[in-house]
Structures are given as C-alpha cells and as structure tokens.
Amino acid sequence: MMQAFFGRQAELGLLRTRFDEVTGRACPGLSGGPRFVILVAENGLGKTRLIQELYSSLASDPLWNPPQAPYWPVRPNDDGRPLAVAPRRDAVRSDAIPRFVWIGARCPAVGSGSLEEGDSIAFALASTLKYHATRRNSEDGAESRSALPAAQHASIGPGHVSTPDADSGKVLLRSLRYELDKPDAVPVVLCLDDAQCLDSDMATMLAALWTDASAASWPLLVVVAHCGHAWNRLDREETTSATAWLRRLAEAGEAEVLCLPCASEQSLRAVVQEHLPG
C-alpha cells in the first residue's frame, strides 16, 4: 500500500502535462513527440513516490484505463513492494487491452525488490514489454500472438526472458522501436529509479532510444530519478557515465531537470496530522 501523497502536486502536474504533450492531448492536432524528465533530489525526498503517483494518475484516468475493463491496477505496489515503480505482470488484467504501456525498474536491480536475482534492468524491462505488447496486439487480451519480431522470440519468452546476457539492451531497444514506430502506437512510459546506478548496457540503450524517438517523434515519456549529490558532484571531466550523458542531454535542452526541494512546513504539517492526529 502506498503512503499518502503530500506536497508534490505541482511536480505531479508537470509530469502529467508532459504525458499529455507526448500523446498530443495537451495540444490537439499536434503530434506531441517524446519528453524526457530527470527528477533530482536527495534520498527520501519523494522521487520514487512521485513516479508512483504519476502511474496512479494514469491508471485512474478513464481515458487511459477504462473502468469497465481496466488493464492496469490503480497502484503499482499493492503486492507489498513499497519502492516499486511498476506493477508486476500478474497484477494486470489479462483479459483487457492496455491503452498505454508502462515499464519501469529501480537501479541497481539486484536486491532492490523490483527484479529477480540475476536479472539486468534491460533484461527485465524487455520481458515486461513483451508481456504487455502481446496483450496490446491481441484481439482479446489472450496471449495468442506475439507483438515482437520473430527474431526476438528466442530471447524474450511470454513471461521471463530465458537468460539475461550482454545483448539484453539491444533486445529492449529493438522491442521499443518495434512498438513505438507503428502508425497506431500507444504511449509508452519508461521510468528508471536511482538512475545514477544505470549500467552501461542500459545507458547505451537509452541514448540510442532517445535519438530515434526524437527523430521520429514517437509517443514516449522517459522519467528518471537521480540522487541529488551524485548529480551535483559529477566531475566535469567525466564523460562516460550515465550521469554525464544525462547532464549533457539536459544542457542541450533535450531533457528537463526537475529538482525536488525539501517539503514545505504546510506539507509536513499534513503528514504529521495524518500519522499523529491531535
């Protein structure tokens, strides 16, 4: 069960606006195109909770998750994983069809509670994307046919990828390209928590995906959460880390940095009142 949400309504509104821009809903008639948001704050200031609330706002929207046949659960972590940024596959409704796709993970994956031992982030995301895409591309939500190219079937099974390997990032990139480059592509939200810990495989995939998405104006929203001190203390001579690439993306105006300040006294008062009434 998620904790109550306090003091980040403005930031949530901005993220929701970016999703609406991606889908063209914010400006009817425009294609939208991809958006990239980097959440920066110290640990414990609400980055993960903000991502969870963005998910819930979409899962509660009848336009994107019709109440008569909801594919997505309202919350991403009702299974006892307080830091989860995406629901497990067995939490979605298998007889419904998703109107958007949400995939996400925490970094580092092993030991975080979001992935299984031995998984890489790209490995798990590729498997999850296949699962949702299969339902999106089947007539009745049953797993009757694959949404991915046949060449990928050996790498990505209906549930879990058989074995994580060095090509997991390439498989995830091909899968995302396949889904996003369709004329009837649905919006995809990719969320990465603790992005300062991204491995090189995932960072390379993300850079290539963003280049393609920007060129083709794909309906993609990328939200990454990054530790504040790691972001601010990056050595300017460092050029190869995931953080360095994210900073270059922000400095070029291609990504939006959203710094989360400490909670206001009013917000803290609301938290205290909920947990210690009177």
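An account of the accompanying structure is given in this report. (Residues numbered from 1 in each chain as written. Predicted model: local features only at pLDDT ≥ 70, side-chain atom pairs only at ≥ 80, totals over all residues. Heavy atoms only, no water.)

What to know about the overall build of the chain
The secondary structure content of the chain amounts to eight helices and five strands. Along the chain, helices (α) and strands (β) appear in the sequence α-β-α-β-α-α-β-α-β-α-α-β-α when read from the amino end. Residues counted as buried form 50% of the 278 residues belonging to the chain. Taking the contacts inside the chain whose residues are at least 6 apart along the sequence as the reference set, 71% of them involve residues at least 24 apart. Carbon and sulfur atoms make up 53% of the accessible area of the chain, which amounts to about 12,700 Å² in all. (Helix = DSSP H or I, 4+ residues; strand = E, 2+ residues; numbered from the N terminus. Buried < 20%, exposed > 50% of the residue type's maximum accessible area, 1.4 Å probe, protein only. Contact = heavy atoms within 4.5 Å. Areas by Shrake-Rupley, 256 points an atom, 1.4 Å probe, with all protein chains shown as cover.)

Quick notes on the pairing of strand β2 (residues 101-106)
Remember that side chains alternate between the two faces of the sheet whenever the strand is regular. Along β2, six of the six residues are buried, which leaves the element largely enclosed by surrounding structure. Of the two faces of β2, the one carrying V101, I103 and A105 and the one carrying W102, G104 and R106 are both buried. Sheet analysis places β2 next to strand β3 (residues 188-193), joined by six bridges and oriented parallel. From the neighbouring strand, A105 faces β3, where its bridge partner is L192. (Pairing = 2+ DSSP bridges.)

A word on unusual backbone geometry
Non-glycine residue D194 carries a positive phi angle of around 55°. By the secondary structure assignment, D194 is in the loop between β3 and α5 (200-216). Positive phi, normally seen in glycine, also occurs at S217, with a value near 60°. Relative to the elements of secondary structure, S217 occurs in the loop between α5 and β4 (220-227).

As for the packing of α5 against helix α7 (residues 242-251)
Where α5 contacts α7, the two axes come as close as 10 Å, and the packing angle between them is 20°. Comparing their axes, α7 and α5 come out roughly parallel. Our pair here, α5 against α7, has a crossing hand that is left-handed. Taking contact as the criterion, the partners of A203, L206, A207 and W210 in α5 are, on α7, A242, W245 and L249. Partitioned by chemical class, the residues of the contact of α5 with α7 number seven nonpolar, no polar and no charged. (Axes fitted to C-alpha atoms, helices over the stretch in contact; angles between N-to-C directions. Parallel < 35°, antiparallel > 145°, perpendicular 65-115°, else oblique. Left-handed = near helix turned anticlockwise from the far one by under 90°. Nonpolar A, V, L, I, M, F, W, Y, C, P; charged D, E, K, R; others polar.)

What to know about the pairing of β4
The buried count for β4 comes to eight of eight residues, which makes it a mostly enclosed element. Both faces of β4 are covered, namely the face carrying L220, V222, V224 and H226 and the face carrying L221, V223, A225 and C227. Note that strand β1 (residues 35-41) and β4 share seven bridges and pair parallel. Residue pairing across strands places L39 opposite A225, the latter belonging to β4. As paired elements, β3 and β4 share five bridges and run parallel to each other. Considered in β4, the bridge of V188 is made with L220.

Some remarks on the side chain of S175
Within the element layout of this structure, S175 appears in helix α4 (residues 168-180). For S175, a relative accessible area of 0% translates into the label buried. In terms of polar contacts, S175 uses its side chain to reach the backbone carbonyl oxygen of V171, at 2.8 Å. (Polar contact = N/O pair within 3.5 Å; in protein donor to acceptor, adjacent residues only side chain to side chain.)

Focus: the packing of helix α3 (residues 121-136) against α4
Closest axis-to-axis distance for the α3/α4 pair is 8 Å, and the angle between their directions is 30°. One finds that α3 runs roughly parallel with respect to α4. The handedness of the crossing between α3 and α4 comes out as left-handed. Along its contact with α3, which presents A122, F123, L125, A126, L129 and A133, the element α4 presents S168, G169, V171, L172, S175, L176 and E179.

Quick word on α7
Since the α-helix packs 3.6 residues into each turn, any two residues three or four apart lie on the same face. Across the 10 residues that make up α7, a large majority, eight, are buried. All buried positions along α7 are accounted for by A242, T243, A244, W245, L246, R247, L249 and A250. Taken together, the buried residues of α7 touch β1, α5, β4, α6 (228-232) and β5 (256-259).

Looking at the pattern of salt bridges
Here the structure, examined in full by the defined rule, presents 11 salt bridges. E21 is the salt-bridge partner of R18, the closest N and O atoms lying 3.1 Å from each other. Highlighted residues: R18 and E21, both in helix α1 (residues 9-23), separated by three residues, approximately one helical turn. The exposure class assigned to R18 is buried, which follows from its relative accessible area of 15%. Salt bridges sharing partners connect three or more residues here, namely R18, E21, R35 and E256. (Salt bridge = Lys/Arg side-chain N within 4 Å of Asp/Glu carboxyl O.)

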